Amino acid sequence: MTEGSPRVSESIQEVSQLVWGPSIRPELFARWSQGFIFSEEEKTALLQTSGGPCAVIAPVQAVLLKNLISKFQYSQIREVDSATVDQQLAATLTELLCQCKRPAPASPHTGNKPSSPPPHTPAPDNSPLLRDHGPFQLACLEDPLPPTPPNSNPPDPDQPHTSTPSAKDYSLFHASVRLRQFDSGHSLQSHLETHLHRYKAQYGVLLFLYSVILTKGVSAVREEMGDLGESLIEVTQGHGGQGLINLLITGRASPYVWDGTKDVGGLSLVGVVRRPIVGFLTRLEHLRYVQVGWYLKNPTNPVWVMGSETHLSVVFSWCQRLVTPESEVERAKQVFGWYDTEGNRFIQAEYLKPILATLDLCTDDDYVQFMLSELDPDRMGVILYHRFVEAFSNSDQSYSPPDTFILYHYNGLESSCPQNKVQYAEGRVTLQESHVGFTSAQCEVLGCLATKWPNIDIQWSTFTPSLN
């Protein structure tokens, strides 16, 4: 059912303020007014016409590739027909909308004292039980927008040409948006498959972004962002913020990239609380500006969104062994971190019992006392990190990625690709025994990859990709 009531107009206005802030710069709106367009040279690679919308396009591309990897070999995706690609795109958009409907785990901390860490949440999948959880709000344009009125803003010669004169007329766009509600993921995907051309056309990226926010709820997104004065799109340069990226990758709009909750100056700041379907690598972590959470480093599939200061791209591989399985020791480290809020590498001994409960281990008083005698033999009332980790270490769970593997890089900006043609760059990775120095030309790409593989060396067989 399509809605066009005043209530819908009010909802769109709330979404607009959350996305753009109190006012919209016409040139930024024009840059975001593109659809989901595929490259002619690479049938499964989405194009980005100008700077900004990579915050939506790159996560969509990553999940699309994740789905393709589960069905095809690399050589096959270059031969897949356009109808199959469109079907996979519709399934990807549906999956991301369904992810936003999943209830977030409870915050692992209350104030400065951890009391109820979140239960372990399995990675999302495409099972009907998850995908059928509605309702879903889908933003759409029922008809093409009319030409720009005579009193609209004049064209900006510095911005790319758009196919419709009304590209910058955001007032007309917001007045024309309608909502359709779906009670199941199945009906939502069926509608997207039938009407995908509307999202491949102009404004398709914005329509999908608005659908994500409306499906999750404006108030829920604001609460997860924490800072009510922030917008999802940076108001000066038009780049998507970390909250927007996290919303699409994890289903939660937190602006932070650490695991769980951290105490910062008395404030409990929630980061990543569930393992995402794709990972996130950033050069800023390699430069030690930010800390990326363990969940983000270990997604459920070998696909990662890569970020520099201004642009997002995607790196992926068909080698499933690149995905580190979740071991008991890694899970124990994760839970320990929820209680070591200040990073002191120790916790109070009184937290051992709730930690054991979170790890689904025995919590009988006798067993807890036995563990305390092992972890705190001097009865100091604290448990040191290295003792805690040693108690959960198991040599049978050792894991290492292959020494060599093939990696592919995607950048959707035509201007950043050779001959302005968006194609996947192929490189052979070798994991060295010691640290590998980076040249200036390689620094950005290898800096991101070093987030996951510190001793990485890579030889690109086609062309050297760019993160810009």
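Asks: What exactly am I supposed to notice about the pattern of salt bridges here?
Replies: If charged atoms from side chains of opposite charge come close, those side chains can pair. Tallied over the entire structure, the rule returns 7 salt bridges. Arg78 is the salt-bridge partner of Glu42, the closest N and O atoms lying 2.8 Å from each other. Residue Glu42 is located in the loop between helix 2 (26-31) and helix 3 (54-69), and its partner Arg78 is located in the loop between helix 4 (74-77) and helix 5 (82-101); the two are separated by 36 residues in the primary sequence. Within the structure, one salt-bridge network assembled from shared partners comprises Lys216, Glu224 and Arg252.

Asks: Got a minute to help me understand the side chain of Ser313 in this structure?
Replies: Within the secondary structure layout, Ser313 lies in strand 8 (residues 312-316). A distance of 2.9 Å separates polar atoms of two side chains, one belonging to Ser313 and the other to His409.

Asks: Explain the sheet that holds strand 7 (residues 303-307) here, please?
Replies: Picture the strands of a sheet paired through backbone hydrogen bonds; they go either parallel or antiparallel. Across the sheet, which stays open at both edges, the 6 strands sit in the order 6-7-8-11-12-13 with mixed pairing between neighbours. In this open sheet, the two strands that pair with only one neighbour each are strand 6 (279-282) and strand 13 (456-460). The sheet shows a mean angle of 30 degrees between the axes of neighbouring strands, direction not considered. The sheet contact formed by strand 6 and strand 7 spans 4 bridges and is parallel. Within strand 7, the residue paired with Gly279 across the bridge is Trp304. Packing of helix 3 onto the sheet brings it into contact with strand 7, strand 8 and strand 11 (404-410), and relative to strand 8 it is tilted by some 15 degrees. Across the sheet, helix 12 (residues 242-250) is in contact with strand 6, strand 7 and strand 8; its angle to strand 6 comes to roughly 150 degrees.

Asks: What's the story with the packing of aromatic side chains in this structure? I'm lost.
Replies: In this description, an aromatic ring pair is defined by two values, namely the gap between the centres and the angle between the planes. Counting across every chain of the model gives 22 aromatic pairs. On the numbers, 5.9 Å between centres and 70 degrees between planes, the contact of Phe29 with Tyr170 is edge-to-face. Taken together, the residues span a long stretch of sequence, with Phe29 in helix 2 and Tyr170 in helix 7 (residues 170-176) at a distance of 141 residues. Residue Tyr170 is classed as partly exposed on the basis of its relative accessible area, which comes to 22%.

Asks: Is there a simple way to explain the environment of Lys200 in this structure?
Replies: Within the secondary structure, Lys200 sits in helix 9 (residues 197-200). Considered as a pair, Lys200 and Phe38 are 162 residues apart in the sequence and their alpha carbons are 8.7 Å apart. At a separation of 3.0 Å, a polar atom in the side chain of Lys200 contacts the side chain of Asp86.

Asks: What's the story with the pairing of strand 12 (residues 425-431) in this structure? I'm lost.
Replies: For a regular strand, the rule is simple: side chains alternate between the two faces of the sheet. Taking every second residue as pointing to the same face, the buried face of strand 12 carries Ala425, Gly427, Val429 and Leu431, while none of Glu426, Arg428 and Thr430 on the other face is buried. With 6 bridges connecting them, strand 11 and strand 12 associate as antiparallel partners. Of the residues in strand 12, the one forming a bridge with Thr404 is Thr430. Relative to strand 13, strand 12 is paired through 5 bridges, and the arrangement is antiparallel. Pairing of Arg428 across the sheet is with Gln459, part of strand 13.

Thresholds, definitions, all that
Residues numbered from 1 in each chain as written. Predicted model: local features only at pLDDT ≥ 70, side-chain atom pairs only at ≥ 80, totals over all residues. Heavy atoms only, no water. Salt bridge = Lys/Arg side-chain N within 4 Å of Asp/Glu carboxyl O. Helix = DSSP H or I, 4+ residues; strand = E, 2+ residues; numbered from the N terminus. Polar contact = N/O pair within 3.5 Å; in protein donor to acceptor, adjacent residues only side chain to side chain. Pairing = 2+ DSSP bridges. Axes fitted to C-alpha atoms, helices over the stretch in contact; angles between N-to-C directions. Contact = heavy atoms within 4.5 Å. Phe/Tyr/Trp six-rings, centres within 6.5 Å; stacked < 30°, edge-to-face > 60°. Buried < 20%, exposed > 50% of the residue type's maximum accessible area, 1.4 Å probe, protein only.

Structural measurements only, silent on function.
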